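The lines below spell out each chain.
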Amino acid sequence: MKTINNDIIHEQLLSQKPLLAYDEKNDYAEWKQKVREKYIELLGLDSIQKNACDIKVEIEERVETDEYTRYRYVFESEKGCFVPCYLLLPRTPKKKFPVCICLQGHTTGFHISIGEKKYDQDDKSLETSTFALDAVKNGYAALAIEQRGMGERTTLREDRGASLTCGCMFTAMTALMLGRTLIGERVWDVSKAIDSLEYFKDKLDLNDITLLGTSGGGTATYYAACYDKRIKVAVPTCAICTYKDSIGDMWHCTCNYIPSIAKYFDMGELSALIAPRKLLVCNGEIDPIFPLSGTKEVYSVIEKIYEREGVPENCQLKVYPNKPHYFDKEITFPALNKLRDK
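Description of the structure in this document. (Residues numbered from 1 in each chain as written. Predicted model: local features only at pLDDT ≥ 70, side-chain atom pairs only at ≥ 80, totals over all residues. Heavy atoms only, no water.)

## Comments concerning the overall build of the chain
- Along the chain, the regular secondary structure elements total 12 helices and nine strands.
- Oriented by its inertia axes, the alpha-carbon framework of the chain measures out at about 65 × 50 × 45 Å.
- The buried share of the chain, reckoned over its 342 residues, is 56%.
- Sequence-distant contacts in the chain: of pairs separated by 6 or more residues, those separated by 24 or more amount to 70%.
- Working note: accessible area of the chain is about 15600 Å², and carbon and sulfur atoms make up 49% of it.
- Positive and negative side-chain charges of the chain, numbering 46 and 50 respectively, have mean locations separated by a distance of 3 Å. (Helix = DSSP H or I, 4+ residues; strand = E, 2+ residues; numbered from the N terminus. Buried < 20%, exposed > 50% of the residue type's maximum accessible area, 1.4 Å probe, protein only. Contact = heavy atoms within 4.5 Å. Areas by Shrake-Rupley, 256 points an atom, 1.4 Å probe, with all protein chains shown as cover. Lys, Arg positive; Asp, Glu negative; His and termini not counted. Charge placed at Lys NZ, Arg CZ, Asp CG, Glu CD.)

## A word on the nonpolar core
- Counting 69 residues, the largest nonpolar core has Tyr 39, Tyr 223 and Leu 270 as its most contacted members.
- The biggest single contributor to this core is helix 8 (residues 216–227), with seven residues.
- When sequence neighbours within four positions are dropped, the list of residues in contact with Tyr 39 reads Leu 45, Val 187, Tyr 223, Ala 224, Cys 226, Tyr 227, Phe 265, Leu 270 and Leu 273.
- Counting 26 residues, the second largest nonpolar core, distinct from the first, contains Tyr 68, Cys 102, Val 136 and Ala 142. (Core = buried A, V, L, I, M, F, W, Y, C linked by side-chain atoms within 4.5 Å.)

## With respect to the packing of aromatic side chains
- Within this structure, the stated rule accounts for 11 aromatic pairs.
- Geometrically, the ring pair formed by Tyr 71 and Phe 200 is tilted, given 5.5 Å between the ring centres and 50° between the ring planes. With a gap of 129 residues between them, Tyr 71 in strand 2 (residues 68–78) and Phe 200 in the loop between helix 7 (182–196) and strand 6 (204–214) connect regions that are remote in the sequence.
- Owing to a relative accessible area of 14%, Tyr 71 belongs among the buried residues under this scheme.
- According to the relative accessible area criterion, Phe 200 is buried, its value standing at 7%.
- Aromatic pair Tyr 73 and Phe 200: ring centres 5.3 Å apart, planes at 45°, arrangement tilted. Of this pair, Tyr 73 sits in strand 2 while Phe 200 is found in the loop between helix 7 and strand 6, placing the two residues 127 residues apart along the sequence. The pair Tyr 73 / Phe 200 is uniform in exposure class, with both members buried.
- Through successive ring pairs, a cluster of aromatic residues spans Tyr 71, Tyr 73, Phe 75, Tyr 199 and Phe 200. (Phe/Tyr/Trp six-rings, centres within 6.5 Å; stacked < 30°, edge-to-face > 60°.)

## Notes on the pattern of salt bridges
- Scanning the entire structure with this criterion turns up 25 salt bridges.
- The closest approach of N and O atoms between Arg 148 and Glu 185, which form a salt bridge, is 3.6 Å. With Arg 148 in the loop between strand 5 (141–145) and helix 6 (169–177) and Glu 185 in helix 7, this residue pair connects regions lying 37 residues apart in the sequence. Of the two residues, Arg 148 and Glu 185, both sit in the buried class.
- In this structure, Lys 192 engages Asp 195 in a salt bridge whose closest nitrogen and oxygen atoms are separated by 2.9 Å. Remark: Asp 195 and Lys 192 occur in helix 7; sequence separation between them is three residues, near one turn of the helix.
- Since its relative accessible area comes to 15%, Lys 192 is described here as buried.
- Residues joined in a network through salt bridges with shared partners are Glu 78, Arg 148, Arg 153, Arg 180, Glu 185 and Asp 189. (Salt bridge = Lys/Arg side-chain N within 4 Å of Asp/Glu carboxyl O.)

## Remarks on empty space enclosed by the protein
- The tally for this structure, following the rule as stated, stands at two cavities of 30 Å³ or more.
- Computed from the structure, the largest cavity encloses a volume of approximately 60 Å³.
- Lining the largest cavity are Thr 219, Tyr 223, Ala 239, Cys 241, Tyr 243, Ser 246, Ile 247, Asn 256, Met 267 and Phe 290.
- The residue inventory of the lining of the largest cavity, partitioned by class, reads seven nonpolar, three polar and no charged.
- Its boundaries defined by the atoms lining it, the second largest cavity holds a volume of some 30 Å³.
- Residue lining of the second largest cavity: Ala 172, Leu 176, Thr 181, Leu 182, Ile 183, Thr 254, Cys 255 and Tyr 257, and that is the complete set.
- Elements represented by at least two residues in the lining of the second largest cavity include exactly helix 6 and helix 7.
- Across the lining of the second largest cavity, the residue classes break down as six nonpolar, two polar and no charged. (1 Å grid on protein atoms, 1.4 Å probe; cavity = no way out; pocket = protein on both sides within 12 Å on 5 of 7 lines; lining within 4 Å. Points joined across faces, edges and corners; volume = space filled by probe spheres on them. Nonpolar A, V, L, I, M, F, W, Y, C, P; charged D, E, K, R; others polar.)

Have a look at this one:
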């Protein structure tokens, strides 16, 4: 009997050249504008923008520690959608601090970023993913955002089949029915979170904003940097890879998928929406779900685009030696600080 494999046709299509693939022979400015327009359309950002509202910050908690003052606050990113945040302001004497916005991946929530344990399963994440605490140690004010479909923003009703660490499927699929994407909604929330920082502008240098995240947070970091030009440095970790080698080759959480995106471009082309701003891509050498070979293929396109922009020094790839799907702060923060100083 004939062997049946329904994935072959998808594999064949994913191997085809996208319609807006980078080509050095094309008019660069015209191509870049087409990429931006298609990117906004595919993520549903034009639809999300129609539900925009004024930003109002509501402080819920203030905690003093020896190293920082921590604020918990919420704001409405669009009508009916509230975003909880933690802002950590270092207690070191400085007029204004650079900002590092921190995005967790598929952990149990953004409390991991500030080093708090809520669930037994948090122990492993707390070993590597205390992004906000690490940012403060490196001289930043740190903003941790709870992403849609994660942590406190997870749909946990049993009849909707969600779980703590992968509860975004219901949210993602509902967004698709509405002409949106969950990743687009997360991008919007990051942009509006930057707006919310105006409330603290006396303490923050809003012209010096870094966005950092890993895994699902790294994906949101990359796409958000494509959208909001106020992000000076983007640090997506454990997330940058060809679509065919990662989400096209194995199961990933639903929030990674954007309808029709592989038809038009791959992740490398999208770097044109970040350049000439600074971009630090990090990946584990033996990451099983974002294979390094696919990361390097994407990065080869990123390098060409940054060359075209005349700023090859503004992008960098760091590999975590012998590490799987893992965030290595001992490599990432020194590389980030060095890139910022260039």
